[in-house]
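Residues per chain are reported as follows:
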Number of protein chains: 2
Amino acid sequence: MKNQVQLITYVDRLGGGDLRALQALLTQGEDNPLRGRFGGVHLLPFFHPIDGADAGFDPIDHTRVDPRLGDWSDLAALAAPESGLDVMADVIVNHMSSQSPQFLDYQAHGEASEHAGLFLTLDAVFPDGANEALLTAVYRPRPGLPLTVLPAGDARRIFWTTFTPQQIDIDVEHPSGEAYLEAILRRFASVGIRSIRLDAAGYAIKRAGRSCFMMPETFAFIAAFSAKARALGIEVLVEVHSYYRRQIEIARQVDWVYDFALPPLVLHAFAFGTAGPLKQWAEMRPRNALTVLDTHDGIGIIDIGADAADRAGSPGLVPPEELDALVEWIHRNSQGESRLATGAAASNLDLYQVNCTFFDALGGNERDYLLARAIQFFLPGIPQVYYVGLLAGRNDLALLQRTGVGRDINRHHYTRAEIDERLRADVVRQLLQLIELRNAHPAFGGQFELLGSGDTELRLAWTHGEHRAELWVDFKDPARHGLRFSE
Amino acid sequence: MKNQVQLITYVDRLGGGDLRALQALLTQGEDNPLRGRFGGVHLLPFFHPIDGADAGFDPIDHTRVDPRLGDWSDLAALAAPESGLDVMADVIVNHMSSQSPQFLDYQAHGEASEHAGLFLTLDAVFPDGANEALLTAVYRPRPGLPLTVLPAGDARRIFWTTFTPQQIDIDVEHPSGEAYLEAILRRFASVGIRSIRLDAAGYAIKRAGRSCFMMPETFAFIAAFSAKARALGIEVLVEVHSYYRRQIEIARQVDWVYDFALPPLVLHAFAFGTAGPLKQWAEMRPRNALTVLDTHDGIGIIDIGADAADRAGSPGLVPPEELDALVEWIHRNSQGESRLATGAAASNLDLYQVNCTFFDALGGNERDYLLARAIQFFLPGIPQVYYVGLLAGRNDLALLQRTGVGRDINRHHYTRAEIDERLRADVVRQLLQLIELRNAHPAFGGQFELLGSGDTELRLAWTHGEHRAELWVDFKDPARHGLRFSE
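This report concerns the structure included in the present document. Each chain has its residues counted from 1, following the order in which its sequence is written. The naming scheme follows written order: chains are lettered A onward, ligands numbered 1 onward. Where totals are concerned, whole chains, interfaces and linings use all residues; where local detail is concerned, this predicted model gives features only for residues with pLDDT of at least 70, and gives and counts side-chain atom pairs only at 80 or more. Side-chain metrics in this entry use all non-hydrogen atoms of the structure; hydrogen atoms and water are not considered.

**Details of the interface of chain A and chain B**
Reasoning step 1: Facing the 17 residues of chain A at the interface are 17 residues of chain B.
Reasoning step 2: Summed over both partners, the accessible area (1.4 Å probe) lost when two parts come together is defined as the buried area. Taking both partners together, chain A and chain B bury about 1500 Å²; carbon and sulfur atoms supply 58% of that area.
Reasoning step 3: The salt bridge definition used is simple: a Lys or Arg side-chain nitrogen within 4 Å of an Asp or Glu carboxyl oxygen. At the junction of chain A with chain B, the criterion picks out two salt bridges.
Reasoning step 4: Notably, a salt bridge pairs E132 of chain A with R157 of chain B, separated by 2.4 Å at the nearest N-O pair.
Reasoning step 5: The term polar contact refers here to a pair of N or O atoms within 3.5 Å; inside protein, the definition further demands a hydrogen-donor-capable atom paired with an acceptor-capable atom, and it admits residues adjacent in sequence only when both atoms are side-chain atoms. Where chain A touches chain B, the interface holds 13 residue pairs in polar contact (both at pLDDT 80 or more).
Reasoning step 6: Counting from the N terminus, the helices are the DSSP runs of H or I reaching at least four residues and the strands are the DSSP runs of E reaching at least two. Listed by contribution, the elements that provide at least two residues to the side of chain A that touches chain B are α4 (122-125), α5 (132-136), β7 (147-152) and β8 (155-160) of chain A. Contacts between residues were defined by any pair of non-hydrogen atoms, one from each residue, lying within 4.5 Å.

This is the structure in C-alpha cells:
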C-alpha cells in the first residue's frame, strides 16, 4: 500500500451520489480541497443491496454492484491509475444474506439444492450433538448463541449465524464455499481492486469443542485465502477485534491488521491526562497496521480491556476502573448521545464497542481532535480517515432514531451542500493540511522514534536524512503541545 | 366463580394509585359508576417489582407485594367478602426473574447453591446433547431457540428461557421448584385470593425430543397443581394460546380456560360482514371459559389460524387469506398504529398476536364496540373486561415509543381525571349498563341458545323461566341489530 492517508467511505453517504459522483468528488475540480488528498479509498460495501439488515455487510449478491451506485465499469474507472486512488473493498468471508439466491434455493429445496453444502448447520458442526460445554466454548462477539432456526426443504434447520439471523455463516471449507469466495476475488481483480478487507475473518472456521475464533485452522484459512488474493495482485487486511495480546499474535501471521486499540487509548490519554498506556502500546503495537480513530463500527472497548476469558490473569492496557470511567467520560462528552446508541450492558467492561463519532467522543474539542489525528498520523502504519471524521462530524441522532441501529449514529448521509459547508470549517481545513503533510513530507518515509518524555507526555518523531517531523503533547494540559516539520 | 363480569387491571394503571386506592375506586362513593359493577377483579402482577422486563411477569419475589402498591393486608382487605370482589391473581409457574435472589445465588455459587436444582439448563433437558431434530421439535411462542447463556459459578451455563432472557425457566418437577410454587399458593390462600391464573402453564414441562408444550405430562402437572390449589379453596384458570382444536382438548382437562378465539372472530365478523366462523366457534367452544375481547396481551391470531405444524391438514377457523386480510383490516382501522406495535413477520399468518386496543381495532366505532361487548356477554362463560376496554381506550403511542414494548400500546396509565372523563363518555356509560344487565338479569342464570339465522347474522338467547335476553346482529349491516331483555 502507498504510504499515504486513505479515506473510508460509503459510496452514497458522502454526497448522496453514485460511484462516478464519488470519483468526481475525490479527483476533480480546481478548487476542490479533497482532490488528490488521499492515496486510497476503502469503499464500504457497494454490493447488491447496500441497504440490507447490516448496511451492505449482508449482500444478496457479492459479485454485483448495487445498480443505484453504478456498475463494475465505474469501479474500474475509480481504481484506474489515472484516479490516483488505490481501491480497497470488503470480502465478507464469514456469511451471506438469508435473502441470497443461494440460500433461498436451499430453503426451497433443502438437501436437494446445489447449494446444500454452502451453509453451516448445527448438526454439521456438532455431528454428535451439542451440549453446554461445547456451545459455551464458542467465542462470541455478541450475547447469545450463534444459532438461528429457519425452514429449509421440509424441515426446520438450525443455522450457524455468528452475527445476525439475516447473516447465514458459510462453510468456507466446503468446495461450494471455496468456489463462492474465489469468484469474488476474480471479480475484484478484474476491475483493478488493489486490496481487500476480510470482514469478520476470525470467525470463519468452526470446530466442535473449540473457540471457533482465530484458531490455528483460522490462520491457515486466512493464509491460504491471502495467497489466492496475492496471486491476483491483491493485498489483504484482516479485520479482528480482540484482546490486545492476541491482536499482536494475529498481526504476525497476516499481511495487515487494524490498530483498533489506538482510538480508545487516545481518548484515555485525554480523559486521564496521562500518556502511560498509549506509550506502552506505541512500543509494542504491530507495525503492519492501518491506523484508525474511527470506522463505520464503534470505538473498540475489548481492544484495550482485559481478556474476558481470564480477567485477572490477562489484564488489559488500562485497568478496569479506568476503562469503566472512560466509557462514562465518552458518554458525558457526547451529552449522553453515545449511551443512547450503545445500549445497556451489565457493566461497561462487557461492552464491545461504544457508538459515537470520534469528534463527539472528545466533546467537540477541535484542538484535541486535531492532536488526536496528529498522533494517529505519526504512529507507524497507513492512516485511514473515516468520512464522518474527515468532516469532524457530529452524532446523527435522527438517523439513529429512524433505524434503531446504534452504529448509525456515526453514519450520517452528507449532502453535497453539507460537505461544502464542512470543508470551510477551520477544524476540517486544518485536518486537510495535516493529511497533506502526512502524505507529502519526506520524514514519514524514514525512521520512527518514540522519544523519552514525562508520564503525562507523548513525543513522536520521524527522521529521513535531513528531514524531520516531530509531535509533542502534554495530556495534562493539551494546550501544551508542539508540531514541527522541517522545511 | 360468580356468574358476573370481572375486571382485569393493573393496580397502578387505573388511577395511578395503590391497592387501597383501587379498592376505593371499585367499592366506594355514592355516585361512583364503578362501585359494585364487578363480581371479581383479576389483578395483574402486583409482586416485587411491577416494572421488570415483562411488566410484573418476571417477579424477583413472587411472595412479596411491591411496596409501592401496599402489602398483603391490603390484598386481604380487597379480597374480603365486604368488598364484593373475588380476587384473581397470577401464578407464574414457568419461570422466574434472572434478578431473583434464588437465581443470583445460583449465579454466585453455581452447583454449590441451595437453589441449583431450581433452574432448567440445556444439559438437564438434553443429557445426551442436543441436535437440530431435538431442538426444532420444541414448540415456540416466539422465534429463536429457548436458550440463554449466563455465568453461574465458575462456568457459563445455558439456561432454558421460553420467553425472554430475563425469565429463567423453573424446573417445576424438582423438589425446589415444587416448594417454591407451593409457597406462592399458601401465601395467596392466606389473604383470601379465590382464583389463580396459571401464566404460560403450557410450557412448564420439558422432555427431550418432544414439543415441550401441552404434553400429557404437562396436563398431569397442571392437574396436580390445581388439586393443591383447590385444597386451599382456589380455582384455577389456565392461560394457553394455541390452535383452536388443541384449545378445546385443553379445556376438557382443566378448570377454566380463556376463549382467546373470540376477539379475532368478532373482528372477523365485522370485517367480512359474515357470522359463519363466529357461529361455528359458538357451537363448539368450551363452556368452562372466561370470555375476553382484550387483555394485557395482544389480540390472538394463532387462536383462529391453521395449526402451524400442519397448515394444510389442520385448517383454522378462518381461511389463511381472510386471516391475512383481517390483520391488515385491524392495521387500517387503527391508522397503522397497531402495525407499529406488532412489528414485522414474514407473513401475517406467522403472527402470534396483534397489539392494539380493541376499540381501535374497530376503528373507534362505538356501535360496533358495544355490539362486540354484547356478543361477549351473551356467550356462555364468565366475561372479563380489561381496564382499557372498560374505558373504550385508544392506543397509547407515547408509552409505546417510550418503552419500545409493543403490548404497551394497550397498557395506558390512566389518571383519576382521565377515568372521570371517560366515565362520562356515552360509549362507556352504555358499556356499564350492559355490564349491569349481564350481572343482574336472571335470564343469564338459565339456558343458552344459539338460534338459527342467516349467514350474515348472529342470534343468541338466554332463557330462565319467564326471563329472557336476546341479541341479534346482522354483520352485513350492523345498524340492523337488536338487544332485548324481559322486564
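**Some remarks on the nonpolar core**
Reasoning step 1: Grouped together as the largest cluster of nonpolar side chains are 152 residues, with contacts concentrated most on L43, F46, F188, I196 and L198 of chain A.
Reasoning step 2: In terms of nonpolar packing, the next biggest core, distinct from the first, is built from 151 residues, V11, F38, L237 and F448 of chain B among them. By nonpolar core is meant a set of buried Ala, Val, Leu, Ile, Met, Phe, Trp, Tyr and Cys residues that side-chain atoms within 4.5 Å join together. Partly exposed describes any residue whose relative accessible area lies between the buried limit of under 20% and the exposed limit of over 50%, with all areas from a 1.4 Å probe on protein chains only and scaled to the type maximum.

**What about the relation of the copies chain A and chain B?**
Reasoning step 1: The two copies are related by a screw motion: chain A maps onto chain B through a turn of 180° and a shift of 0.0 Å along the axis, at an RMSD of 0.0 Å. Overall, the copies show the geometry of a two-fold rotation axis.
Reasoning step 2: Both copies share a contact surface, since 100% of the interface residues of chain A are interface residues in chain B too. We superpose the copies by least squares over the C-alpha atoms of residues that have a pLDDT of at least 70 in both of them.

**Quick look at helix α7 (residues 216-231) of chain A**
All names here are of chain A.
Reasoning step 1: The end-to-end C-alpha distance of α7 is 23 Å, a good match for the 22 Å that 16 residues give at a rise of 1.5 Å each.
Reasoning step 2: Buried residues in α7 make contact with β5 (86-92), α6 (175-190), β10 (195-199), β11 (235-238) and α8 (244-253).
Reasoning step 3: Once α7 ends, the next one or two residues include G233, with phi positive near 80°. In a helix, the anticipated span is given by 1.5 Å times the number of residues less one.

**Remarks on the sheet that holds strand β17 (residues 447-450) of chain A**
Whether parallel or antiparallel, the strands of a sheet pair through hydrogen bonds between backbone atoms.
All names here are of chain A.
Reasoning step 1: Taken in spatial order, the four strands of this open sheet run β17-β18-β19-β20, and their pairing is antiparallel. In this open sheet, the two edge strands, each paired with only one partner strand, are β17 and β20 (481-485). Pairwise comparison of adjacent strand axes, ignoring direction, gives a mean angle of 10° for this sheet.
Reasoning step 2: Of the strand pairs in this sheet, strand β19 (residues 467-474) and β20 are connected by five bridges, and their pairing is antiparallel. By the bridge assignment, V473 is partnered in β20 with H481. By definition, two strands form a pair when at least two bridges between them are found by DSSP. In this analysis, axes come from line fits to C-alpha atoms, helices being fitted only over the stretch in contact, and the angle between any two N-to-C directions falls in the range 0 to 180 degrees.

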